Amino acid sequence: MATILVTGAGGYIGSIASQLFLAQGHTVVGVDAFLTGYKGPLEMLKSQYPDTFMWHAVHIADTPAMKQLLDASPPIDVVVHYAASCVVKESMRQPEKYFENNAHASLRLLELMRVRGIRNIVFSSTCAVYGAVHYHPIDEHHPISPTNPYGDSKRMVEQMIQWYTRVHGLSAFVMRYFNVYGTSDDQKLGYAKKPCTHLVDAAVQGALGLHEFRLTCGSSFDTPDGTPIRDYLHVVDLNEAHVLAVKALLKSNKPQYEVINLGTGSGNTVLEMVELVEAETGTKLPRDVGEVREGEDAVLVADNKKAYQLLGWKPKRTIRASIPAMIEWYKNHPHGWE
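Quick summary incoming for the structure in this document.

**Details of the packing of aromatic side chains**
At step 1: Using the criterion set out here, one finds five aromatic pairs in the structure.
At step 2: Each ring, one from tryptophan 329 and one from tyrosine 330, has its centre 6.4 Å from the other, and the planes form 65°; the classification is edge-to-face.
At step 3: Residue classification places tryptophan 329 among the buried residues on the basis of a relative accessible area of 0%.
At step 4: The class of tyrosine 330 is buried, set by a relative accessible area of 4%.
At step 5: On the basis of an interplanar angle of 55° and a centroid distance of 5.6 Å, the ring pair of tryptophan 329 and tryptophan 337 is categorised as tilted. When sorted by exposure, tryptophan 329 lands in the same class as tryptophan 337, which is buried.
At step 6: The ring of phenylalanine 34 has lysine 39 lying over it, and the distance from NZ or CZ to the ring centre is 5.6 Å.
At step 7: Over the ring of tryptophan 163 we find arginine 166; its NZ or CZ atom is 4.8 Å from the centre of that ring.

See the structure below:
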């Protein structure tokens, strides 16, 4: 078993990742600055795994605090790096925040890894690095041209990691996510960010009366119902790919740099997703005809063959079967994590 440093451990994806690693018998050291993450899931995991889970309220760019943290922890075998600011619209208003929290903070983390001799990293990236779609499904060789500071900040980190593998002998898996939804399989961990930026979560919250939801996306795309097609991946499936990436890194003794798309390889229209929520909740959600945003693509779907070839990974969970768990999560956590 390994000791894994999980950054952004109090966030939606990072907390569910920590749960999976702990369930497999690994020791997890979680860090979070709580800019958008929460202490609630970390306290819950600590109560369940008192001997193998520890967490710290630290910003990864605070190198002295990170050094002190590592001095007090078991030796780290792998870093799984989720910590980031990740709202596209906000990045267009505050690009400096994204370059600071994503690019600069990741550089500080990489330098700390180099100095401490930590050789393995799994990085949480995004399909936003691709920018405008030239073809679909999108494979890892698709041209990269981000159209917002969020995607560009992730591209910068990818490049930094690639150079650290070449020059300093790091081994890395870079995971480019498509659209994420869902809860942990036991429904104890789920999405809680405010404001909600995930379509399926927003629709479920709207159907339960937790906040106002109105579908306003463009309806003139060249798709079956006119709304855009996106690739929706369950959060546990996504994190199971990270578990496999950690396993692959620990088995290998040579530096490597691999980029992997994480998606289902198929897509659903936005309207289909809303209608699935409506069918499960029995609630009709309001909708308006929205304008197509400049540069918005009709179809964003992953080619996920490489994930299977390298890691043996395939997504298992379906949207229809996952919505009831999301409904239960929001019934039990109507205000997310307090």
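**Details of the sheet that holds strand E11 (residues 268–269)**
At step 1: Sheet architecture is open: three strands sit in the order E11-E8-E12, paired in mixed fashion. Lying at the two open borders of the sheet, with one neighbouring strand each, are E11 and strand E12 (299–300).

**What about the packing of helix H1 (residues 12–23) against helix H8 (residues 235–251)?**
At step 1: Where H1 meets H8, the closest approach of the two axes is 9 Å, and the angle between their N-to-C directions is 55°. Here H1 is positioned oblique relative to H8, judged by the angle of their axes. Here the hand of the crossing between H1 and H8 comes out right-handed. Between H1 and H8, the residues in contact are Tyr12, Ile13, Ile16, Ala17, Leu20 and Phe21 and Val235, Val236, Leu238, Asn239, Glu240, His242, Val243 and Val246, respectively.
At step 2: For the contact of H1 with H8, the per-class residue count stands at 11 nonpolar, two polar and one charged.

**A closer look at the nonpolar core**
At step 1: Judged by nonpolar contacts, the single largest core of 67 residues is most densely connected at Phe21, Val122, Met175 and Leu262.
At step 2: In terms of residue count, the dominant contributor to this core is H8 (eight residues).
At step 3: Leave out the neighbours within four places in its chain, and leucine 262 touches Met175, Arg176, Tyr177, Phe178, Leu233, Leu238, Ala241, His242, Ala307 and Trp313.
At step 4: Counting residues in each nonpolar core, the second largest holds 28 residues, with Leu5, Val31, Ile60 and Ala103 among its members.

**Topic: the sheet that holds strand E3 (residues 53–57)**
At step 1: As summarised here, the arrangement of the seven strands in space is E3-E2-E1-E4-E5-E6-E10, forming an open sheet in which the pairing is parallel. A strand with exactly one partner marks an edge of an open sheet, and here the two such strands are E3 and strand E10 (257–262). Ignoring which end each strand starts from, the neighbouring axes of this sheet average 20° apart.
At step 2: Two strands pair when backbone bridges link them, and strand E4 (residues 78–81) and strand E5 (residues 120–126) are joined in this way by three bridges, in the parallel orientation. Looking at the pairing, valine 79 lines up with isoleucine 121 of E5.

**Topic: the pairing of strand E1 (residues 3–7)**
At step 1: The buried count for E1 comes to five of five residues, which makes it a mostly enclosed element.
At step 2: Here E1 shows a buried face lined by Thr3, Leu5 and Thr7 and a second buried face lined by Ile4 and Val6.
At step 3: Here E1 runs beside strand E2 (residues 27–32); their pairing, made up of five bridges, is parallel. In the strand pairing of E2, leucine 5 is matched with valine 29.
At step 4: What joins E1 to E2 is H1, and the crossover it makes is right-handed.
At step 5: Bridge count for E1 against E4 is four bridges, and the pairing is parallel. By the bridge assignment for E4, leucine 5 is matched with valine 79.

**Side note on the side chain of glutamine 205**
At step 1: Mapped onto the secondary structure, glutamine 205 falls in helix H7 (residues 199–207).
At step 2: Among the residues examined, glutamine 205 registers a relative accessible area of 12% and is labelled buried.
At step 3: Discounting residues that sit within four places of it in the chain, glutamine 205 has contacts with Cys196, Leu210, His211 and Tyr330.

Here is what the cut-offs are and how they apply
- Residues numbered from 1 in each chain as written.
- Predicted model: local features only at pLDDT ≥ 70, side-chain atom pairs only at ≥ 80, totals over all residues.
- Heavy atoms only, no water.
- Phe/Tyr/Trp six-rings, centres within 6.5 Å; stacked < 30°, edge-to-face > 60°.
- Buried < 20%, exposed > 50% of the residue type's maximum accessible area, 1.4 Å probe, protein only.
- Lys NZ or Arg CZ within 6 Å of the ring centre and 35° of its normal.
- Pairing = 2+ DSSP bridges.
- Helix = DSSP H or I, 4+ residues; strand = E, 2+ residues; numbered from the N terminus.
- Axes fitted to C-alpha atoms, helices over the stretch in contact; angles between N-to-C directions.
- Parallel < 35°, antiparallel > 145°, perpendicular 65-115°, else oblique.
- Left-handed = near helix turned anticlockwise from the far one by under 90°.
- Contact = heavy atoms within 4.5 Å.
- Nonpolar A, V, L, I, M, F, W, Y, C, P; charged D, E, K, R; others polar.
- Core = buried A, V, L, I, M, F, W, Y, C linked by side-chain atoms within 4.5 Å.
- Right-handed = clockwise from strand over helix to strand, strands pointing away.

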